[in-house]
Amino acid sequence: MKEECKKNKDVIILGIESSCDDTSAAIIRNGFLLSNVIASQAVHSAYGGVVPELASRAHQQNIIPTVSEAIKRAGVQKEDISAIAYTRGPGLIGSLLVGNSFAKGFATALNIPMVEVNHLQAHVLAHFIQEEGEEAHLPEFPFLCLLVSGGNSQIILVNAYDDMQIVGQTIDDAAGEAFDKCAKVLGGPYPGGPFIDKLAKEGDATAFTFSKPHIAGFDYSFSGLKTSFMYSIRDQLAENPNFIEERKADLAASIQKTVVDVLMDKLLKASRHYGIKRVAVAGGVSANSALRGAYQAYAQQYGWEIFLPKFSYTTDNAAMIAITALFKYKDGLFDSIDSVPFSKVVI
Ligand code: KG4
């Protein structure tokens, strides 16, 4: 096998991400990122959300140019690649099948191993991506990671790269979903998180209060919050039809503060319970400036060592797939040629 010949050489991994609506390919060498190319799909914006059928087709169109570009930017030859990693799940099944099938073809053609990667695990392990010329700040195990995206809000106890325990999660909507739905009410685009974030900078976060959920343990709930937001706006609109337009920034700042407070309260509770002060954040919502600000404040107040990902690693990307695969590659955990993707959320 070719992998035998490469034993004493650099470990170069090509990562592929295709779980939702971003086609991404990345190359890492010995844990250092050489390239990370992302082809986003504009086709969904007209529909206010991702259309699975269109996403699969766009992945089909994008996958080869994206991989070629990643290899070119990395300055490597495809024959140098030690293994190909791909997102096996969770995600949209049609989208995942594109990455899975591509990985099989590539691995077979080059006679290299294939590594399957869990998308959620990869978001957490994105903190281990290193870049040439930058000082590394990698979390030591164990640490806690708040994984917040459009589909997930979880507190994960990370004991090792392959030992992650979900200690808290949303029982209904995810935090990103709450941002998206509230943004829609304010007339914003999809996804709405960046819109709320930007608007909130000009607003007063204490202008409005929304009822916070009371859920046991470390679990979250955001559906009530979203309803409280919508009802209070409905009541105000009855008296003033221009209410949204006039108070948009205050509404955005207030709902953002409430979501961030809810996320941080449970995280602090978990940190105290497990006696862990190394705390990371991952997923699309980790781009939120108020959430990042809260992490900085908690670091000061509670002595946390915090890990905030670069903006390019907060959304879906193949660099996180490649770095996760490096852990597995070192342990010889390769995928079989007949493996199929999974759509459900597991970690
Ligand atoms: O992880 P992600 O890119 O995709 C999946 O959910 O799979 O997360 C997308 C979510 C969306 O709900 C989006 O509104 C939210 O992340 N988001 C933000 C910000 N940027 C993206 N939420 C709040 N503030 C942001 N700056």
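Turning to the overall build of the protein chain, a few remarks are in order. Regarding its fold elements, the protein chain presents 10 helices and 10 strands. For a compact globule of 347 residues, the expected C-alpha radius of gyration is about 20 Å, and the protein chain comes in at 21 Å, within 12% of that figure. Across its three principal axes, the protein chain shows a C-alpha extent of roughly 75 × 45 × 35 Å. Residue burial in the protein chain is summarised as follows: out of 347 residues, 54% are buried. Across the protein chain, every contact between residues at least 6 apart in sequence was considered, and the portion connecting residues at least 24 apart equals 73%. Roughly 15300 Å² of accessible area belongs to the protein chain as shown, and the carbon and sulfur atoms make up 52% of that amount. Measuring between centres, the 31 positive side-chain charges of the protein chain sit 1 Å from its 38 negative side-chain charges.

The sheet built from five strands is open, its strands ordered β3-β2-β1-β4-β5 with mixed pairing. Whereas interior strands pair on both sides, the edge strands pair on one side only; in this sheet they are β3 (32-40) and β5 (114-118). Strand-to-strand twist across the sheet, computed as the mean angle between neighbouring axes with direction ignored, equals 20 degrees. One ladder, built from four bridges, connects strand β1 (residues 12-17) with strand β4 (residues 83-89); its direction is parallel. Among the inter-strand pairings, leucine 14 is bridged to a residue of β4, identified as isoleucine 84. Lying over the sheet, helix α2 (residues 52-74) contacts β1, β2 (22-29) and β3, oriented at roughly 25 degrees with respect to β2. Sheet contacts for helix α3 (residues 93-110): β1, β4 and β5; angle to β4, the most-contacted strand, approximately 160 degrees.

With that settled, consider the packing of helix α5 (residues 175-185) against helix α7 (residues 223-239). Running from N to C, α5 and α7 point in directions that differ by 10 degrees, and their axes come no closer than 10 Å. Comparing the axis directions of α5 and α7 gives the class roughly parallel. In this structure, α5 uses Lys181, Cys182 and Val185 to contact α7, whose residues at the interface are Lys226, Phe229, Met230 and Ile233. Each residue belonging to the contact of α5 with α7 can be placed in one class, and the counts come to five nonpolar, no polar and two charged.

Close contacts around the ligand come from 17 residues, with Gly150, Asp180, Gly193, Asp197 and Asn288 the closest. Glycine 150 places a polar main-chain atom, nitrogen or oxygen, 2.7 Å from an oxygen atom of the ligand. Between the ligand and glycine 176, the relevant distance is 3.2 Å, taken from an oxygen atom to a main-chain nitrogen or oxygen of the residue. Considering the ligand on its own, with 550 Å² of exposed area, one finds that the protein chains cover 84% of that surface. Where the shell around the ligand is concerned, the elements lending two or more residues are α5 and α6 (193-200). Class assignment of the residues belonging to the shell around the ligand gives a composition of five nonpolar, 10 polar and two charged.

It is worth spelling out the side chain of serine 254 at this point. Its location among the elements puts serine 254 in helix α8 (residues 243-274). At 2.7 Å, the side chain of serine 254 and the backbone oxygen of aspartate 250 are in polar contact. Serine 254 has contacts with Asp204, Ala205, Thr206, Ala207, Phe208 and Phe210, leaving out every residue within four places of it along the chain.

Time to look at the confidence of the model for the protein chain. On average, residues of the protein chain score 94 in pLDDT, and 97% of them are at 70 or above. Here residues 1-7 is a poorly scored stretch, pLDDT under 50, and it has 11 contacts once near neighbours within four places are set aside; other chains count.

In this section: the packing of aromatic side chains. Counted by the stated rule, this structure contains 14 aromatic pairs. Considering the side-chain rings of tyrosine 161 and phenylalanine 327, the 5.0 Å spacing of their centres and the 15 degrees angle between planes classify their relative orientation as stacked. Residue tyrosine 161 is found in the loop between β7 (153-160) and β8 (163-169), and its partner phenylalanine 327 is found in helix α10 (residues 319-330); the two are separated by 166 residues along the sequence. Given the relative accessible area of 10%, tyrosine 161 is considered buried. Geometrically, the ring pair formed by tyrosine 295 and tryptophan 304 is edge-to-face, given 6.1 Å between the ring centres and 70 degrees between the ring planes. Pair check on accessibility: tyrosine 295 and tryptophan 304 agree, each one buried.

Definitions and limits used
Residues numbered from 1 in each chain as written. Predicted model: local features only at pLDDT ≥ 70, side-chain atom pairs only at ≥ 80, totals over all residues. Heavy atoms only, no water. Helix = DSSP H or I, 4+ residues; strand = E, 2+ residues; numbered from the N terminus. Rg over C-alpha atoms; globule rule 2.2 N^0.38 Å. Buried < 20%, exposed > 50% of the residue type's maximum accessible area, 1.4 Å probe, protein only. Contact = heavy atoms within 4.5 Å. Areas by Shrake-Rupley, 256 points an atom, 1.4 Å probe, with all protein chains shown as cover. Lys, Arg positive; Asp, Glu negative; His and termini not counted. Charge placed at Lys NZ, Arg CZ, Asp CG, Glu CD. Pairing = 2+ DSSP bridges. Axes fitted to C-alpha atoms, helices over the stretch in contact; angles between N-to-C directions. Parallel < 35°, antiparallel > 145°, perpendicular 65-115°, else oblique. Nonpolar A, V, L, I, M, F, W, Y, C, P; charged D, E, K, R; others polar. Near = heavy atom within 4 Å. Polar contact = N/O pair within 3.5 Å; in protein donor to acceptor, adjacent residues only side chain to side chain. pLDDT = per-residue confidence, 0-100. Phe/Tyr/Trp six-rings, centres within 6.5 Å; stacked < 30°, edge-to-face > 60°.

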